[in-house]
Amino acid sequence: FPEPYTSRSARLHLARVLELLRTSGPQDALREGRSPSVLETLTHTQTSDSGLPNGKSLKRSLSNMKTESANQDGAPPEYLLPGSSERPLMALLPHSSQPEVRKYPEHLRDLSLSCWNPPPGHRKLQGDFLYITVVTIEGKRYDITSCPKGFFLNRSTEDVFDPRPAQSSSVFHCFTDLLCHISPAFRQTFNTLKNRPQQTPVEMIPTPYHTLSWLGPSCASRTHRNTFCRLGLEEQAATQAPDWNEELQAARDLPQGSLEERLQRDRTLLQVNSAFVRAVMQGAETVVDGFVEPANGNPEDPAFLWGGLFMSQGAASAMFGGERGRRAAQRLELKGVQAYSDLDGLQGLHTLPTAVVDYRGVRLSAQGLAPGLEGSEQDQETTPLLALLAHAAKFLSLQRHVVVAPNGHKVPLFTSVDAQGLLGADGRFYILDVFRTFPADANFCPEVETEESYHENSGLPNSDSRATEAVRAACKDVGSVSDIIFEMRFIPNVFSPGISFPPGESKSTKLQERLLREAAAFIITHQIPAFVQHCLQSNEAPMDGASLKQELRKRGVNLRYLGHVFKAISQSEHKERLRHIMGVDVPSVSAAVSHFLNCLLVPHFTPTSVGEESKKKSRRRGRGAGAGACESTPWSTLTGSELWNLVCQDAVETYNISDCLGSGPNHLVEQYGLQKLSLLREFCLKTGVQLRLRDYFLDNQNKAPIGPDDILNIFPVVKHVHMPTVDASKAYRAALNFIQKGRWCDFMNMNLVCDDLQPEACYCHSLFARVAYLQGKPAEARSVQLKAVVISERVLGFDHPTTIQQYALLGVYMYAGGETALAQKCLLRARLLMLTVHGEDHPYTATLDVGCTNIIITFVSNAVHHKLRTEFLKNALRLNTSFFGPTDLHTALSEHLLAQWMCSKGDYRNAMTHEKEALAAFTSLFGEDHAQTRCSKEFLSTITKQAVKVERSLRQAGADCSEQTVEVCAEAHVHCITLSRLKKKKENVFDVPVLSVVSV
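Bear in mind the structure is a predicted one, so any value in this text is a computation, not a measurement. All chains use their own residue numbering, which begins from 1 and follows the written sequence. The predicted nature of this model means local features are confined to residues of pLDDT at least 70 and side-chain atom pairs, given and counted, to a pLDDT of 80 or more, with totals for whole chains, interfaces and linings taken over all residues. Excluding hydrogens and water, the side-chain figures rest on all heavy atoms present in the structure.

Colleague: Could you give an account of the sheet that holds strand β15 (residues 689-692), with specific residues and numbers?
Modeller: Two modes of strand pairing occur in sheets, parallel and antiparallel, and in both the strands are linked by backbone hydrogen bonds. Strands were regarded as paired on the criterion that DSSP finds at least two bridges between them. Here a strand is any run of E in DSSP of at least two residues, a helix any run of H or I of at least four, and the numbering for each starts at the N terminus. Pairing in this open sheet of three strands is mixed, and the strands run β5-β15-β16 from one edge to the other. Two strands close off the open sheet at either side, each with one partner strand: β5 (215-216) and β16 (711-714). Strand direction decides the pairing type here: β5 and β15, joined by two bridges, are parallel. By the bridge assignment for β15, L215 is matched with L691. Any two residues whose heavy atoms approach within 4.5 Å are treated as being in contact. Structural elements are reduced to axes, namely lines fitted to C-alpha atoms, with helices fitted over the stretch in contact, and the angle between N-to-C directions of any two is expressed from 0 to 180 degrees. Along the sheet, helix α26 (residues 676-687) contacts β15 and β16; its crossing angle with β15, the most-contacted strand, is approximately 130°.

In structure tokens, the structure reads:
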């Protein structure tokens, strides 16, 4: 006999049935604000229009024809061609731009808790758990009772409560068996449901964290109804709030002896942290929406307790710089917790689970509840804690130092003066208030502003020997463990206001100040120029604000240095080649504005007067009553020019950017090529705003492009502690080192540690695919790259820069495996995302255009083929010349490819011109004796000879020259293969994008 149900197991059974009946897809992800995966929709041809229920849906479908990835003749749509300024958002999410057609038939009309629920006391004593109401497809209504034996029909109706079993009603242990018994239509559709193709794990497994989608469904108001949302299974509140701190510490205390134990520990930590982040999101919505009363009764600094979380805004004191300093302190606290959490091998020192959440313009700090103290503060044993802090200071490069307390006592410290260490009631040592763990940046400290001349004329010595001696001496003075090992330690309190050091420590304190100034000067004199040089040489330069921040932080440059970066670009002789960096992001927008999108995007936008607006609202059905409350608020009178003044003021105060933002967004568009669509996307991602999916006309100078109905939702944006898989990161770095040395390593262990939905898994799978492709296994590369694309879409975002690169690589592997149609879709998808995120004016667009040249031409006629290939090749050459100059390798390859194409068309004059430019570049790069230069010279000689022959034959006899053209094409193809092989021998294949290698 089957095991009887309990109240909890019956609810779990119903939850599993609901999960089975829900046909989840990209639409559901968008409604929940999560980034969907578009790959399946893109690579599978949608079935016919038989699913269109009526003519109205067919009309809507026809109106969205421009979102298709290719026209009927096989050519790309016009908005994807070089030079197009159209940016249709409907094409980004093809599954959402079409009318929502059910892939599988509907199962039930309604499934909800009965109005007679919960059971009365005397029925509970007889075993009744739940009363459920079902409306079948046939339109019949049934009331069902859940009991320990299973589920049965009762005699209740909408008006009469009668829990007795219905006549001839059996008890079914499985809920779906009962539904099949009472509804033949459900039986038929349920059999179809069981036979549906299964999704891959990377498509089904929930992502650890919420990846925001800034676009929502196109018709959210009409698709809001959820048949299965009224059972109330999600509303069952926990009987006791979870102890997040105990769960996190228990996961950290798991054994780490073997690889399997470490992987299990990492997965457990990830699960606990992701659950904590979800609770923080729910708590932020509940607190900001006003459903929780402050626990401390302080209106200026309210603190809230909800769901096992302690949430507060923090006091905006003058010591921290007011509101701006308070937000910075919250962010720095999270960074300090991350630093102590990342200490590998340090056991015994713990931090509380911490996160920072921004929701509706309010920033909250969230922490798990700290355990009580073990005894009084005076009775706590400090010796073990000091040993742990000393051990942690070694890994964090913090120097032991002494400060003078207010009572005059000298206190030795391994942390900042604000940090607190305590022994909790659970027997663990904790460190709190770590927002000043690291020293302040000397470039932004008011007390060292007089040292500007030092920043300009100082820095590390130019001579390597002098630099080595200076560093060794400095390390010795600050407590380096050896004169040979380069290890510098810093005092975090050197530039902190109100901190006094003993007179005997003045020498070491001054030395620390000098070291910190040199480190700060090193950022300006070395790291920022290195970043600018990287952008000049790489075709994978930052595409949006997130990638810009990531590239800067790789070099230890904070976003506060954007003003210095802008100054370095402005003073560079190659500033025109760096325009794609200057227009990437306006980082102060999300801090200076909240929901004033129209004022931000329309320079001369003026709000409508109250009287005129009320007249317009009175004409709308059902909107006049609820919308009038905001007419008298101060923000409703803000104009576009006033808002832009606030943006400029905030940019000066935060990033030291002045006299470059102009009078409005149109200045950024004209001066730096910034797209308003890119600005809108950045704003939504940083503030959690979700817009309705439709095409927005942002170039209208007077009309508001975004209406109230276009704002679908606002989601909390959480900054949390990352829990990376340590073994996966180590394996990934080891694999990269092996490959750079030209050796193939064993990827079995790496595949074992990269099976979670994390960014590291995306990078690992992409590396697997690239290695398989270079080993001549395109089918295996395609299979692995499919996973990388899905993980990137779901974890990083469907339009993240990494997703663009993953789509491009997938197109290469599919093309190598003979799947030209799918390769075309992937490359066009990558180009569409590139145009949306940044625009066409970016070096990576040239790489995509070169890839499109060899793939798109398969499905088009000769006339269209000639036109498209010429457009893409010329655009790639224009971009490479603009960003890298005429003598760069990227430009030379583009010249050579265009010369081949012109030669195949019989246009020898232009072919000779382009090959001469390529030859000049190869000569400048490699010299005249290099094999690549000789190959280009031979190719140019061949073109010249054939051009002379054709010209002579045309003049003498006027004969057809098709034979000579074929001969030249054959020779050009041979030279192309030779050039490709020489290129692969000369350059490491990972130094040149795979797309460029394949195209050559």
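Colleague: Which residues make up the nonpolar core, and what values do they have?
Modeller: We define the nonpolar core as a collection of buried residues of types Ala, Val, Leu, Ile, Met, Phe, Trp, Tyr and Cys that are connected through side-chain atoms lying within 4.5 Å of one another. Residue exposure (1.4 Å probe, protein chains only): buried if accessible area is under 20% of the type maximum, exposed if over 50%, otherwise partly exposed. Residues L92, W214, L215, L691 and Y807 are the most contacted members of the largest nonpolar core, which totals 87 residues. For this core, the leading source of residues is helix α32 (residues 820-837), giving 11 residues.

Colleague: Can you lay out the environment of L305 for me, pointing to particular residues and giving the numbers?
Modeller: Examined against the element boundaries, L305 turns out to sit in strand β6 (residues 303-306). Given the relative accessible area of 48%, L305 is considered partly exposed. When the C-alpha atoms of L305 and A295 are compared, they prove to be 6.5 Å apart, with 10 residues separating the residues in sequence. Residues contacting L305, with those up to four places away along its chain left out, are V292, A295, F310 and L369.

Colleague: How would you sum up the environment of L334? Please name residues and give values.
Modeller: Among the structural elements, L334 can be located in helix α12 (residues 322-341). Relative accessible area serves as the criterion here: at 10%, L334 is assigned to the buried category. As a C-alpha pair, L334 and V356 span 22 residues in sequence and 7.2 Å in three-dimensional space.

Colleague: Summarise the sheet that holds strand β8 (residues 349-350); cite the residues concerned and give the values.
Modeller: Strand order in the open sheet formed by three strands is β8-β14-β13, with mixed pairing between adjacent strands. Looking along the sheet, the strands with just one partner apiece sit at the ends: β8 and β13 (420-423). Pairing of β13 with strand β14 (residues 429-432), which is carried by four bridges, proceeds in the antiparallel orientation. Residue pairing across strands places G421 opposite I431, the latter belonging to β14.

Colleague: A description of the pattern of salt bridges should follow, citing residues and the corresponding values.
Modeller: For this analysis, a salt bridge means a side-chain nitrogen from Lys or Arg found within 4 Å of a carboxyl oxygen belonging to Asp or Glu. Counted according to the given criterion, the structure contains 28 salt bridges. Put simply, R428 and E246 hold a salt bridge, and the shortest N to O gap is 3.2 Å. Of this pair, R428 sits in the loop between β13 and β14 while E246 sits in helix α10 (residues 244-252), and the two are 182 residues apart along the sequence. You can call E246 partly exposed: its relative accessible area is 34%. Residues joined in a network through salt bridges with shared partners are D544, R681, E682, K686 and D799.

Colleague: Account for the side chain of D128, naming residues and giving values.
Modeller: With respect to the element layout, D128 can be found in the loop between α6 (121-124) and β2 (130-135). Distance and chemistry together define a polar contact, namely a pair of N or O atoms within 3.5 Å, with one atom able to donate a hydrogen and the other to accept it when in protein, and with adjacent residues in sequence counting only for side-chain atoms on both sides. Among the polar contacts made by the side chain of D128, one reaches the side chain of R123 at a distance of 2.8 Å. A distance of 2.6 Å separates the side chain of D128 from the side chain of Y131, its partner in a polar contact. D128 has contacts with P119, R123, T145, S146 and P163, leaving out every residue within four places of it along the chain.

Colleague: Can you lay out helix α7 (residues 175-182) for me, pointing to particular residues and giving the numbers?
Modeller: For α7, the tally of buried residues reaches six of eight residues, placing the bulk of the element in the interior. Within α7, the full set of buried residues consists of F175, T176, L178, L179, C180 and I182. Each element contacted by the buried residues of α7 is listed here: α1 (7-21), β1 (110-113), β2, β3 (141-147), β4 (150-153) and α8 (184-194).

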